[in-house]
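Topology and contacts: notes
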Amino acid sequence: MTPEEEFVVDLNGYILLKAVLSTAEVAELNEAIDAGHREGSPSLWGDPFKKLIDHPKIMPYLLDLLGPNVRLDHDYAIFMNRGDRLGGLHGGEDGGPSLSECDHWYKYRDGVIRNGLCVFTYLLADAGPGDGGFACIPGSHKSNFVGNIPAEVRRYEEGRDYVVQPEAQAGDVIFFTEALVHGTIPWNADHERRALLYKYSPGHSAWNGNYYDIEQYGDLTERQRRMLLPPSIGRRPSVAELTE
Ligand SMILES: O=C(O)CCC(=O)C(=O)O
């Protein structure tokens with residue numbers, strides 16, 4: 001992560017990473033989805049999706065933002081067509097108004113950023129201005145007043161200039177900390193929204209109650225195997241030592 005990217009993550013709680021996937025990678029993933037992969041964990045949909053667990057272009061961000069023992073906590077896909085609605089704005093440090101979100105945290109100390117649950121969203125379709133999809137309140141990962149956000153704004157019944165929908169193209173990745181207030185704005189485009197959400201925790205913690213079953217994955221690199229381990233502290237093998 002460059003110093004400028006570090007500044008942006010600290011300022012906004014999210015960052016748009018341009019062209020992480022090549023056109024060929026996006027096409028391969030979309031072809032697999034067209035062929036029928038739409039249910040369950042994308043990381044189990046075959047090699048092109050397995051590669052996203054530790055894609056070489058996101059590894060530096062994973063290590064800088066979640067630490068040397070980063071683990072994949074859970075992953076899922078979002079598909080939306082015009083008019084589809086999903087949940088409202090949620091998140092916020094220390095759980096915001098909902099204790100079920102208390103693994104959502106963001107800390108900075110002595111030059112190091114650390115996070116609880118974080119998301120790397122791979123976009124397989126463009127999200128143009130006004131299309132909807134991922135939305136957030138930049139900077140809200142450090143807000144002391146997330147409980148003051150009106151319910152109508154959380155439900156998207158009233159717009160506010162402090163809620164933004166980042167524009168992004170297929171192949172881009174949006175990183176965000178779940179400590180950021182964020183959600184899914186109704187989809188408003190003719191084309192289908194296709195997003196793959198790979199969610200990571202520090203090695204000692206878990207948000208999801210279900211851990212990965214490594215046996216389901218077939219061949220894994222040692223780094224991927226370590227990243228799929230259940231949470232622990234003692235004698236946990238480092239992911240960083242396997243990353244150049
Ligand atoms: O990308 C989106 O639609 C937001 C997903 C979301 O709300 C979440 O990851 O908690």
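As a starting point, this report considers the structure included with it. (Residues numbered from 1 in each chain as written. Predicted model: local features only at pLDDT ≥ 70, side-chain atom pairs only at ≥ 80, totals over all residues.)

**Overview of the site of the ligand**
Every residue close to the ligand is listed here: I78, V119, T121, G133, F134, H182, G183, T184, A195 and L197. Counting only elements with at least two residues in the shell around the ligand, the list comes to strand 5 (118–123), strand 6 (133–136), strand 8 (182–185) and strand 9 (193–201). In terms of residue count, the dominant contributor to the shell around the ligand is strand 8 (three residues). (Near = placed C-beta within 6 Å. Helix = DSSP H or I, 4+ residues; strand = E, 2+ residues; numbered from the N terminus.)

**With respect to the environment of Q216**
By secondary structure assignment, the location of Q216 is in the loop between strand 9 and helix 6 (222–227). Note on Q216: 10 C-beta atoms within 10 Å, which makes it exposed. (Buried ≥ 20, exposed ≤ 12 C-beta atoms within 10 Å, placed from the backbone.)

**Observations regarding helix 4 (residues 59–66)**
Every buried residue of helix 4 is listed here: Y61, L62, L65 and L66. Along helix 4, the residues classed as buried sweep out an arc of 100° about the axis, all on the same side. Looking at the buried residues of helix 4, the elements they touch are helix 1 (3–12), strand 4 (112–115), strand 5, strand 7 (173–177) and strand 9. Note on helix 4: the residue one or two positions beyond its end, G67, has a positive phi of about 95°. (Arc of directions from axis to C-beta. Contact = placed C-beta atoms within 7 Å.)

**Structural notes on the environment of N188**
Residue position: N188 is located in the loop between strand 8 and strand 9. Since 16 C-beta atoms lie within 10 Å of it, N188 is described here as partly exposed. Considered as a pair, N188 and L242 are 54 residues apart in the sequence and their alpha carbons are 42 Å apart. Beyond its immediate stretch of four places on either side in the chain, N188 contacts R82, G130, D131 and G132.

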